Amino acid sequence: MNLLIFKSLIQLLNEFKSSTYPADSFLSYFFKHQKKLGSHDRANIAEIFYGFIRNKRLIEFLAVTSEIRPCLLIYLVFIKGLSIKSLSSMIDEDELNWLADKKAKKPHNINPEIKLSLPDWLWEKLMSLYGVDQATNIGQSLLEPADLNIRVNQLKQKKVDEVLAILQKDFSEVKDKIYPLHLSKLGISLPRGTPINRHHLFKDGSIEVQDEGSQLISLMLNPKRGQMVADFCAGAGGKTLAIADLMKNSGRVYAFDVSDKRLENLKTRLKRSGASNIYPQRIQNENDLKIKRLKHKFDRVLVDAPCTGFGTLRRNPDLKWRYDEKDLIEINVKQLNILNAAAGLCKKGAYLLYATCSILKNENEEIVEKFLENHKGFKILPPQQILKDINIDEISRYLNLLPHQHGTDGFFAALMEKVSDE
């Protein structure tokens, strides 16, 4: 820790406090205007920035304030583990004494929702869903930063072992921390912060950044060569590209989204990937005329629904401070409306896959059960019928992935088959 990093963090956290932008976008914007910071400084700042957001509630509890400077000092000493002495050149005597007093009087019996830095309402939901012990394990896992996961693009004729060997050679200083993913046979894990976007395999499209759980969602859809597939909420297209890969560049994959910006990002990734069977489609909403014209045309439909994203808090810790229960109710209405509309694309015999990166039953099982009540022509397909080679013992009616159990982001998926026109 040096004075430049310390001052930059104070500025960054103060500016972010009043921002409505996501943490990753805001950090990128901040770095563009900080020419004096080197790559090592930026890496340190990014790590502390995300760690601060993850632990925000605990920090403010210990500091007894939400002011950034004292909160940052609390984070550096109590959570990052720096010594008070190491900060002496950057802070005054009053702050040194304040920190020493805080350390001497640190409380021991801290409520779990504070210790895990979760909003009260979210902690209560996790407890009701999973019980205290499991909820605590989940909360603890969400405080840990996630590793970087990539998917090997088979369209570039690369094998996982070949890519693994190249990455271990080119990032030899962390060779032992680069290994094949446990669940996805197409994935590799690297340490977070690995500059993969500058690597030639990324630039030529041989690899794509994609969490292991997200890779399993694409595999669970089980797309076949020559089929018509819809990615109903394509976003920047991580799953879209994986689907095209699984289809060996045959058939047609329609990538629907309401955001021009997200679809533009998809087009950039599409150029690298070598996929030629993807057709990005901008829609106004789930009831767009384009959707109605394609009724009953598709063999596979993926609904990667907009959600709270609470399963991704390892990567996006600011999300837990951006939503409350009222927001959740509004999201649930949108999720069900989207799933209802997407179902109209399915021909008889088609698969409909509903997925979120949430760990809340309100966004997952409850949405699917409401959908099935009103769509008797669809039935659940147990995930293990498709994911036969995936070693997940807990799979039953749905796929539920949790960070502390599976090492992935939190994901939910329900696979349904259209068996009649009811």
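None of these values were measured; they are calculated from a predicted model.

Chemist: So what exactly am I meant to see when it comes to the nonpolar core here?
Modeler: General note: in soluble globular proteins, nonpolar side chains tend to be found buried as a group. In this structure, Phe 6, Phe 49, Phe 52, Leu 72, Leu 87 and Leu 99 are the most contacted members of the largest nonpolar core, which totals 40 residues. Those residues in contact with Phe 6, other than ones at most four positions away along the chain, are Met 1, Arg 69, Leu 72, Leu 73, Leu 76, Met 90 and Ile 91. With 35 residues, the next largest nonpolar core counts Leu 221, Ile 243, Tyr 351 and Ala 355 among its residues.

Chemist: Explain the side chain of Lys 125 to me, please; I cannot follow it from the model alone.
Modeler: Its location among the elements puts Lys 125 in helix H8 (residues 120-141). Although Lys 125 is buried, it makes no salt bridge; Glu 325 carries the closest opposite charge, 4.1 Å away. The contacts of Lys 125, once residues within four sequence positions are left out, are Glu 325, Leu 328, Leu 360 and Asn 362.

Chemist: Sorry if this is basic, but what is going on with the side chain of Asp 245 here?
Modeler: As for its position among the elements, Asp 245 is in helix H12 (residues 238-246). Asp 245 has contacts with Arg 151, Val 152, Asn 153, Gln 154 and Leu 155, leaving out every residue within four places of it along the chain.

Chemist: Would you mind going over the environment of Gln 210 with me for this structure?
Modeler: With respect to the helices and strands, Gln 210 occurs in the loop between strand E4 (207-209) and helix H11 (212-221). Residue Gln 210 is classed as buried on the basis of its relative accessible area, which comes to 4%. Filtering out sequence-adjacent residues up to four positions away, Gln 210 remains in contact with Asn 149, Ile 150, Arg 151, Gln 215, Ser 218, Gly 238, Lys 239 and Ala 242.

Chemist: Hey, could you run me through the pairing of strand E7 (residues 278-282) in this one?
Modeler: For a regular strand, the rule is simple: side chains alternate between the two faces of the sheet. Relative to E7, strand E6 (residues 252-257) runs parallel, the two sharing 5 bridges. Within the sheet, the bridge partner assigned to Tyr 254 lies in E7 and is Tyr 279. Taken together, E6, helix H13 (residues 260-273) and E7 constitute a β-α-β crossover, and its handedness is right-handed.

Chemist: Can you walk me through a negative patch on the surface in this structure?
Modeler: A grouping of Glu 124, Asp 324, Glu 325 and Glu 330 is seen on the molecular surface, where their side chains present a negatively charged patch. Along the chain, the position of Glu 325 falls in helix H15 (residues 325-343).

Chemist: Got a minute to help me understand the sheet that holds strand E3 (residues 187-190) in this structure?
Modeler: Within a sheet, adjacent strands bond to each other through the backbone by hydrogen bonds, running parallel or antiparallel. With antiparallel pairing, the 4 strands of this open sheet are ordered in space as E2-E3-E1-E4. A strand with exactly one partner marks an edge of an open sheet, and here the two such strands are strand E2 (179-180) and E4. In this structure, strand E1 (residues 148-152) lies alongside E3, joined through 4 bridges in antiparallel fashion. Considered in E3, the bridge of Asn 149 is made with Ser 189. Of the strands in this sheet, E1, E2, E3 and E4 touch helix H9 (residues 160-170), which is tilted by about 15° from E3.

Chemist: I tried to follow the pairing of E1 on my own but got confused; where do I start?
Modeler: Burial analysis of E1 places 5 of its 5 residues in the buried class, the great majority of the element. Neither face of E1 is open: one carries Leu 148, Ile 150 and Val 152, the other Asn 149 and Arg 151, and all of them are buried. Note: E1 against E4, 3 bridges, orientation antiparallel. Directly across from Arg 151, in E4, lies its bridge partner Glu 208.

Chemist: When you look at helix H3 (residues 39-54) in this model, what are you seeing that I'm missing?
Modeler: Each α-helix winds once per 3.6 residues, and so residues spaced three or four apart point in a common direction. Taking 1.5 Å per residue as the helical rise, H3 with its 16 residues ought to reach 22 Å, and the 23 Å between its terminal C-alpha atoms agrees with that figure. Buried within H3 we find Asp 41, Ile 45, Ala 46, Ile 48, Phe 49, Tyr 50, Gly 51, Phe 52, Ile 53 and Arg 54.

Chemist: I tried to follow the packing of aromatic side chains on my own but got confused; where do I start?
Modeler: What describes a pair of aromatic rings is the distance from one ring centre to the other and the angle between the planes of the rings. Applying the stated criterion across every chain yields a total of 15 aromatic pairs. Aromatic rings pair up to connect Phe 16, Phe 26, Tyr 29, Phe 49 and Tyr 50 into one cluster. Its end group placed over the ring of Tyr 279, Arg 252 keeps NZ or CZ at 4.0 Å from the ring centre. Sitting over the ring of Tyr 351, Arg 300 keeps its end group 3.9 Å from the ring centre.

Chemist: Please explain the packing of H3 against helix H5 (residues 68-79) as it appears in this structure.
Modeler: Geometrically, a packed helix pair is captured by the angle between its two axes and the distance between the axes. Running from N to C, H3 and H5 point in directions that differ by 100°, and their axes come no closer than 11 Å. Classed by the angle they form, the pair H3 and H5 counts as roughly perpendicular. Residues Glu 47, Ile 48, Gly 51 and Phe 52 of H3 form the contact with H5, whose participating residues are Ile 68, Cys 71, Leu 72, Tyr 75 and Leu 76. For the contact of H3 with H5, the per-class residue count stands at 7 nonpolar, 1 polar and 1 charged.

Chemist: Whenever I open this one, the environment of Ile 150 confuses me. Can you help?
Modeler: Here Ile 150 lies in strand E1. In the structure, Ile 150 is positioned 149 residues away from Met 1 in sequence and 31 Å away in space, judged by C-alpha atoms. Not counting chain neighbours up to four residues away, the residues in contact with Ile 150 comprise Leu 167, Leu 181, Leu 186, Gly 187, Ile 188, Leu 190, Ile 207, Glu 208, Val 209, Gln 210 and Gln 215.

Chemist: Explain the pattern of salt bridges here, please?
Modeler: It is possible for side chains bearing opposite charge to pair when their charged atoms get close. One pass over the structure, following the stated rule, counts 20 salt bridges. Asp 101 is the partner of Lys 105 in a salt bridge, and the nearest nitrogen-oxygen pair spans 3.3 Å. Its relative accessible area of 61% is what places Lys 105 among the exposed residues. When the shortest N-O distance is used, the salt bridge between Asp 304 and Lys 239 registers 2.8 Å. You can see Asp 304 sitting in strand E8 (residues 298-304) and its partner Lys 239 sitting in helix H12, a full 65 residues away along the chain. In this structure, Asp 304 and Lys 239 share a single accessibility class: buried. Sharing partners across several salt bridges, the network here consists of Asp 211, Arg 314, Arg 315 and Asp 409.

The rules we used
Residues numbered from 1 in each chain as written. Predicted model: local features only at pLDDT ≥ 70, side-chain atom pairs only at ≥ 80, totals over all residues. Heavy atoms only, no water. Core = buried A, V, L, I, M, F, W, Y, C linked by side-chain atoms within 4.5 Å. Buried < 20%, exposed > 50% of the residue type's maximum accessible area, 1.4 Å probe, protein only. Contact = heavy atoms within 4.5 Å. Helix = DSSP H or I, 4+ residues; strand = E, 2+ residues; numbered from the N terminus. Lys, Arg positive; Asp, Glu negative; His and termini not counted. Salt bridge = Lys/Arg side-chain N within 4 Å of Asp/Glu carboxyl O. Pairing = 2+ DSSP bridges. Right-handed = clockwise from strand over helix to strand, strands pointing away. Patch = residues over 30% accessible without salt bridge, like charges linked within 9 Å, V, L, I, M, F, W, Y side chains within 5 Å. Areas by Shrake-Rupley, 256 points an atom, 1.4 Å probe, with all protein chains shown as cover. Charge placed at Lys NZ, Arg CZ, Asp CG, Glu CD. Axes fitted to C-alpha atoms, helices over the stretch in contact; angles between N-to-C directions. Expected span 1.5 Å × (residues − 1). Phe/Tyr/Trp six-rings, centres within 6.5 Å; stacked < 30°, edge-to-face > 60°. Lys NZ or Arg CZ within 6 Å of the ring centre and 35° of its normal. Parallel < 35°, antiparallel > 145°, perpendicular 65-115°, else oblique. Nonpolar A, V, L, I, M, F, W, Y, C, P; charged D, E, K, R; others polar.

So yeah, pure geometry; function would need other evidence.
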